[in-house]
Amino acid sequence: MSVMQIAQPVNATEIDQLCINTIRTLSIDAVQQANSGHPGTPMALAPLVYTIWNRAMRFDPQDPIWPNRDRFVLSNGHASMLLWSVLHLTGTQAVNAEYESLGQPSVTLDDVRRFRQLDSKAPGHPEYHWVSGVETTTGPLGQGVATSVGMAIAQKWLANRYNRPGFEIFDYNIYAVCGDGCLMEGISSEAASLAAHLGLDNLCWIYDNNHITIEGNTRITFTEDVAARFLAYGWNVLRVGDANDVDRIEHALGVFRKEKNRPTFIVLDSHIGYGSPHKQDTAAAHGEPLGDDEIRLCKRSYGWPEDAKFLVPEGVYEHFAGGVGARGGKARADWTQLYEAYRTKYSELAAEIDLMQRRELPAGWDRNLPVFPADPKGIAGREASGKVLNVLAQNIPWFLGGSADLGPSNKTTLTFEGAGDFQADSPGGKNLHFGIREHAMAAIVNGLSLSKLRAFGATFFIFSDYARPAIRLAALMELPSVFVFTHEAMGDGEDGPTHQPVEQLASLRAIPGLVTIRPADANEVVEAYRYVMQLPHKPAVLALSRQLLPTLDRGKYAPASGVEHGAYVLANASGGDPEVILIASGSEVSLAVAAHEKLAVEGIRSRVVSMPSWDIFEHQTQEYRDSVLPPKVTARIAVEQASTFGWERYVGNSGRIIGMKTFGASAPLKELQRKFGFEPDRVAAVAKELLGRA
């Protein structure tokens, strides 16, 4: 069959089908050319994605970051060719990191041809920041749907703060497509439960019910009644029995938009690899190319030229332009006109929105941050953090967050007048209650951040393991999500090794682009927040103590503002260059200071370096780093109640590390410090050993 033999559509149904088959065949051809990818789901879900985009979503391809656009999340991100096809066919425009339109397509046909190849804007999974029109990075299954809950919460909060009678500035919806894999992952259960509790009626998940995973039919692992499960959560559950019926899909989406007080879950019965004579409804259609012979048979079943590759027939671009293009363009133009009138009437609120959209902070955002006086008894890192959070949340209107059921322990509860709790009937509250759902919490925080809010989530540091996948995605997406982790060492000693973080610091420090900070005292906590809040494109972890930390006398020692450099000279030797350098973070800094004082009495010149953040320090100039850690001083000791892994880079072959090489134990803190050697006398003794003065 030649390219010229494709039948020209004569009615609306035929042009719909032509567009759907264009999505299918672009996906098939791209996977085959790359010899890598997942063709089956795009073949099955092309009608769904076509209907969402061209019949339902308010999205302007000319301005893919318009604030009131509907959001589309492809949670089963392995089906990325669905998204690359529709972004290409709609002519979605590229936007740079400064939110400026580049005047070029987000995804070109050449990008599609180079699917999964270096520098193509059609990578293997949707990547936020890399491709305009992608609302969140997906691929790890379940992350997308969980993140969509954060987006839905954000819309509710934004509407509550900024909408006024006659000015519906924020009223967008969120559509998330997911598969069996997403629903098997525990994170989706956590997120779905919370979404129902919060009555997020702006959220629609569409479940690709095709009964196939990589290992075969889902009857070998997944036989639960998914619809009943979501009914039990409290969702509005609908079913479309034929994934090819665009009218029924459109009707179900219309029911979603009319639903009040409940999120909507649409079960869409589909056939993976639809149209493939030998691979439809098989695992073989999931994660490998179909092969040239099978592709010809598929295209024949679609009425498509069998030998044509990457074909976009006449009329397809125009049909998308007349659908989502025209509808989205008008919606954006109407909104822009409304927003200009809003700006005139509510100038202060509009100014907030403008700042938020650019990820900037309001003037005076750090005013009234506490300054803690020197105190040998001190204050716990978590207590200082709570005081800072309550100031920031008052100074920055769009700063909010909460804890995974540990607010009283994390000290993250916002207690100022008017802070309120975010609930279904109070969507303006700034205290988010995530329940005991650490994994979903972190993804939801990312969803809030993707919506341009500044958000934090909190739990014990040991449970950062449960949140790690979303933390990694925050770094990958360059989001300014904030993760507040308390009980960062042995401060809750009696709870034992199950609650004592050992390897968590090292593992988080290993994530590229993640700023991990472990402050030494209350004033370092303040400076840590001051640094973090000015990061528009980096996530941060704050590891905070449960126990009291002495508040250092900043008249005697260096100011806490040194945190902005990642490491700084806190206390220096008198009478000459240091003979030994004591490097520490968190609670061990005061321990190093005590050892420093002991060594001084014995005539040994030592320097104490507070190193709250490796990441920040590594981004300083070589000159600065050498000024803190002079290369000629090779006698160095690192002290940290965590894994010793990685400290070799700072102490070198001649240095020593006082840290954890085992798990902890259940005992009071002082006994643990004695057992594992976190005492001033031990540090001083090691220093003398290094100097040959033991």
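Preceding this paragraph is the structure being described.
Residues numbered from 1 in each chain as written. Predicted model: local features only at pLDDT ≥ 70, side-chain atom pairs only at ≥ 80, totals over all residues. Heavy atoms only, no water.

## Details of the overall build of the protein
- Scanning the protein from N- to C-terminus turns up 24 helices and 22 strands.
- In summary, the protein has a C-alpha radius of gyration of 28 Å against a globular reference of 26 Å for 694 residues, a match within 12%.
- Within the protein, residue pairs in contact and separated by at least 24 positions form 76% of the contacts whose partners lie at least 6 positions apart.
- Roughly 25800 Å² of accessible area belongs to the protein as shown, and the carbon and sulfur atoms make up 50% of that amount.
- Within the protein, one finds 65 positive and 79 negative side-chain charges whose respective centroids are separated by 4 Å. (Helix = DSSP H or I, 4+ residues; strand = E, 2+ residues; numbered from the N terminus. Rg over C-alpha atoms; globule rule 2.2 N^0.38 Å. Contact = heavy atoms within 4.5 Å. Areas by Shrake-Rupley, 256 points an atom, 1.4 Å probe, with all protein chains shown as cover. Lys, Arg positive; Asp, Glu negative; His and termini not counted. Charge placed at Lys NZ, Arg CZ, Asp CG, Glu CD.)

## Looking at the state of the cysteines
- Under the counting rule described, the total for this entry stands at zero disulfides.
- Cys19 takes part in no disulfide bond, and the closest cysteine sulfur, belonging to Cys298, lies 19 Å away. (Disulfide = S-S within 2.5 Å.)

## Digging into the packing of aromatic side chains
- Scanning all chains against the criterion turns up 29 aromatic pairs.
- When the centroid spacing of 5.0 Å and the interplanar angle of 65 degrees are considered together, the rings of Trp53 and Phe59 count as edge-to-face. A single burial state applies to Trp53 and to Phe59, both of which are buried.
- Taken together, the ring pairs connect Trp66, Phe167, Trp335, Tyr339, Tyr342 and Tyr346 into an aromatic cluster.
- Directly above the aromatic system of Tyr172 lies the positively charged group of Arg71, at a separation of 4.0 Å from the ring centroid. (Phe/Tyr/Trp six-rings, centres within 6.5 Å; stacked < 30°, edge-to-face > 60°. Buried < 20%, exposed > 50% of the residue type's maximum accessible area, 1.4 Å probe, protein only. Lys NZ or Arg CZ within 6 Å of the ring centre and 35° of its normal.)

## Quick notes on the sheet that holds strand β16 (residues 540–544)
- Spatially, six strands are ordered β12-β11-β13-β14-β16-β15 in an open sheet, and the strand pairing comes out parallel. Either end of the sheet is taken by a strand with one partner, and the two such strands are β12 (431–433) and β15 (515–517). For this sheet the average axis-to-axis angle between neighbouring strands, irrespective of direction, equals 20 degrees.
- For strand β13 (residues 454–460) and strand β14 (residues 482–486), the ladder comprises five bridges, and the chain directions are parallel. Its bridge partner lying in β14, Ala458 is registered against Val484. (Pairing = 2+ DSSP bridges. Axes fitted to C-alpha atoms, helices over the stretch in contact; angles between N-to-C directions.)

## Some remarks on the packing of helix α15 (residues 438–450) against helix α16 (residues 464–477)
- Viewed as axis vectors pointing N to C, α15 and α16 meet at an angle of 20 degrees, and their least axial separation amounts to 6 Å. The angle between α15 and α16 falls in the class roughly parallel. When you trace α15 past α16, the crossing you get is right-handed. Taken together, the residues of α16 that come into contact with α15 (itself represented by Glu438, His439, Ala442, Ala443, Asn446 and Leu450) are Tyr466, Ala467, Pro469, Ala470, Leu473, Ala474 and Met477.
- Of the residues contributing to the contact of α15 with α16, the split by class is ten nonpolar, two polar and one charged. (Parallel < 35°, antiparallel > 145°, perpendicular 65-115°, else oblique. Left-handed = near helix turned anticlockwise from the far one by under 90°. Nonpolar A, V, L, I, M, F, W, Y, C, P; charged D, E, K, R; others polar.)

## Looking at the pattern of salt bridges
- Taken as a whole and judged by the stated rule, the model has 42 salt bridges.
- Salt-bridge contacts for Asp29 lead to Lys299; the nearest nitrogen and oxygen are separated by 2.8 Å. With Asp29 in helix α1 (residues 12–34) and Lys299 in helix α10 (residues 292–301), the pair connects residues that are 270 residues apart, well separated along the chain.
- We classify Asp29 as buried; its relative accessible area is 5%.
- Linking Arg239 and Asp269 is a salt bridge whose minimum nitrogen-to-oxygen distance equals 3.1 Å. Taken together, the residues Arg239 in strand β8 (residues 236–240) and Asp269 in strand β9 (residues 264–269) connect sequence positions 30 residues apart.
- For Arg239, a relative accessible area of 53% corresponds to the exposed category.
- One salt-bridge network, in which partners are shared between bridges, spans Asp16, Arg55, Asp247 and Glu250. (Salt bridge = Lys/Arg side-chain N within 4 Å of Asp/Glu carboxyl O.)

## Some remarks on the pairing of strand β1 (residues 71–74)
- Residue alternation in β1 divides its side chains into two sets, Arg71 and Val73 and Phe72 and Leu74, and both sets are buried.
- As defined by bridge partners, β1 adjoins strand β4 (residues 174–178) across four bridges and the pair is classed as parallel. Bridging from a neighbouring strand, Arg71 pairs with Ile174 of β4.

## Here we look at the sheet that holds β9
- In spatial order, the strands read β1-β4-β5-β9-β8; together these five strands make up an open sheet with parallel pairing. Edge positions in the open sheet fall to β1 and β8, since each of these has one partner strand only. Each neighbouring strand pair of the sheet contributes to a mean axis angle of 20 degrees, computed without reference to strand direction.
- Bridge count for strand β5 (residues 203–209) against β9 is six bridges, and the pairing is parallel. By the bridge assignment for β9, Trp205 is matched with Phe265.
- The strands touched by helix α2 (residues 40–56) within the sheet are β1, β4, β5 and β9, with β4 carrying the most contacts at an inclination of about 175 degrees.
- The sheet contacts of helix α9 (residues 246–258) involve β4, β5, β8 and β9, and relative to β8 the element is tilted by about 170 degrees.

Function cannot be inferred from these measures alone, as they are strictly geometric.
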